[in-house]
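Here is what each chain is made of, one letter per residue.
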Amino acid sequence: MNADRQAAGGRQRIHAALAGSDTKRPYVRRLFGRIARRYDVTNDIMSLGLHRRWKRQLLRLADIRPGHVVLDLASGTGDLALRVGHGSKVLAADLTMEMLKVGRSKAKSGRSKARSVQVEWAQCDALALPLPDRSVDRVLIGYGLRNFADLDAGLREIQRCLKPGGRLVALDFGRASPPLLHRMYLKYLDISTVAIGWLVHRDAESYVYIPESLRQFPAQMGVADTMLRLGFERCGYLDLWFGVMAINFGDTPA
């Protein structure tokens, strides 16, 4: 009962937070600060460990080469940054300092799959990156696009930082097909996120954010259309699990 009441109040706060960029940004920062310590464990539980496979697919689509400058944006605990491997300069950037602290600790302790990769860590807003124009070869995002305070502005900022011929690759929740499957999956998320948030964090609201933010997210087709409208080229997406998850990709003009 406590979990249900907490989730109901959480949905009201989430709806208010998602109403505008000025309210979404601080809400996201506080939310992920609260769950940072057990974020990786919860990802394993919710995806049955499959997020690791999906991130490997993302990295294959990114086609990272020696000498590339790679930005892991909305990096969380740096899962993608720590998988890039030798020969690249990697920056992990996130809005939430607590997430970055967990990532640094993970890198130092050897708990990650990092192959001696050297990662720089930076707290910053995805809409105002502390990077020069045309300075990055690849931008990787794992479950971060939904959290941008303004999707268009975030994609424009990524575009500004990417070199000509650079590539953005982003993994996130998608829209399943057929529509009935999507509705069923949202209903499953409504129930499971309350249970997992309460059991793992004693905070039912913490993961209710997923289905509520997904309802406002344009998903893989909408993201691809937005990228094309903003000037990205060779845009597309890879559906995973009937589209329940998806990887979007696109290049800046060469």
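Fair warning: this is a prediction, and the values are worked out from it, not measured in the lab.

## Regarding the packing of aromatic side chains
Centre-to-centre distance and the angle between the planes together describe a pair of aromatic rings. A complete count under the given rule lists six aromatic pairs for this structure. Their ring planes at 80° and their centres at 5.5 Å tell us that Trp-54 and Trp-241 sit as a pair that is edge-to-face. Separated by 187 residues along the polypeptide, Trp-54 in helix H4 (residues 50-62) and Trp-241 in the loop between strand S6 (233-240) and strand S7 (245-251) bring together distant segments of the chain. According to the relative accessible area criterion, Trp-54 is buried, its value standing at 4%. Where Tyr-185 meets Tyr-188, the ring centres are 5.8 Å apart and the plane angle is 35°; that geometry is what we call tilted. On the criterion of helical spacing, the pair formed by Tyr-185 and Tyr-188 is a turn pair, its members being three residues apart in helix H7 (residues 179-201). Members of the aromatic cluster, joined through ring pairs, are Tyr-27, Phe-32, Tyr-39 and Tyr-209.

## Describing the environment of Tyr-27
Residue placement: Tyr-27 occurs in helix H2 (residues 21-35). Among the residues examined, Tyr-27 registers a relative accessible area of 6% and is labelled buried. Among residues more than four places away in sequence, those in contact with Tyr-27 are Ile-14, Ala-17, Glu-205 and Tyr-209. One polar contact links Tyr-27 to Glu-205, side chain to side chain, over a distance of 2.6 Å.

## Let's talk about the pattern of salt bridges
Close approach of charged atoms allows side chains with opposite charge to pair. A full pass over the atoms with the stated rule returns 20 salt bridges. Two residues, Lys-106 and Asp-40, come together in a salt bridge whose shortest N-O distance is 3.0 Å. With Lys-106 in helix H5 (residues 97-109) and Asp-40 in helix H3 (residues 39-47), this pair connects stretches of sequence that are 66 residues apart. Overall, Lys-106 belongs to the buried group, its relative accessible area being 6%. Here Asp-63 and Arg-65 are joined by a salt bridge, their closest N and O atoms 2.7 Å apart. By relative accessible area, Asp-63 is classed as partly exposed at 28%. Overall, the relative accessible area of 48% leaves Arg-65 in the partly exposed class.

## Considering the packing of H3 against H7
How two helices pack is summed up by the angle between their axes together with the distance between the axes. Contact pair H3 / H7: the axes reach a minimum separation of 11 Å and the direction vectors enclose 145°. Crossing of H3 against H7: the hand is right-handed. Contacts between H3 and H7 pair Thr-42, Ile-45 and Met-46 from the former with Leu-189, Thr-193, Ile-196, Val-200 and His-201 from the latter. Its residues assigned to classes, the contact of H3 with H7 shows five nonpolar, three polar and no charged.

## Some points on the sheet that holds strand S4 (residues 136-142)
Strand order in this open sheet of seven strands is S3-S2-S1-S4-S5-S7-S6, and the pairing throughout is mixed. Each edge of the open sheet carries a strand with a single partner, namely strand S3 (119-123) and S6. Put simply, the sheet's adjacent strands are angled 15° from each other on average, direction ignored. Both strand S1 (residues 69-73) and S4 contribute to a ladder of four bridges, which runs parallel. The residue bridging Asp-72 from the neighbouring strand is Leu-140, located in S4. Across the sheet, helix H6 (residues 151-161) is in contact with S1, S4 and strand S5 (162-173); its angle to S5 comes to roughly 145°.

## Considerations on unusual backbone geometry
For the peptide bond that leads from Ser-177 to Pro-178, omega is 5°, which places it in the cis range. Along the chain, Pro-178 falls in the loop between S5 and H7. Even without being a glycine, Leu-48 presents a positive backbone phi close to 55°. Inspection of the secondary structure puts Leu-48 in the loop between H3 and H4. Residue Leu-48 is classed as exposed on the basis of its relative accessible area, which comes to 67%.

## Concerning H4
Taking 1.5 Å as the rise per residue, H4 with 13 residues should run 18 Å; its terminal C-alpha atoms sit 19 Å apart, in good agreement. Restricting attention to buried positions, one finds in H4 the residues Leu-50, His-51, Trp-54, Lys-55, Gln-57, Leu-58, Leu-59 and Ala-62. Here the buried face of H4 lies against H3, S4, S5, S6 and S7. Phi turns positive one or two residues past the end of H4, at Asp-63, with a value near 50°.

Analysis parameters
- Residues numbered from 1 in each chain as written.
- Predicted model: local features only at pLDDT ≥ 70, side-chain atom pairs only at ≥ 80, totals over all residues.
- Heavy atoms only, no water.
- Phe/Tyr/Trp six-rings, centres within 6.5 Å; stacked < 30°, edge-to-face > 60°.
- Helix = DSSP H or I, 4+ residues; strand = E, 2+ residues; numbered from the N terminus.
- Buried < 20%, exposed > 50% of the residue type's maximum accessible area, 1.4 Å probe, protein only.
- Contact = heavy atoms within 4.5 Å.
- Polar contact = N/O pair within 3.5 Å; in protein donor to acceptor, adjacent residues only side chain to side chain.
- Salt bridge = Lys/Arg side-chain N within 4 Å of Asp/Glu carboxyl O.
- Axes fitted to C-alpha atoms, helices over the stretch in contact; angles between N-to-C directions.
- Left-handed = near helix turned anticlockwise from the far one by under 90°.
- Nonpolar A, V, L, I, M, F, W, Y, C, P; charged D, E, K, R; others polar.
- Pairing = 2+ DSSP bridges.
- Expected span 1.5 Å × (residues − 1).

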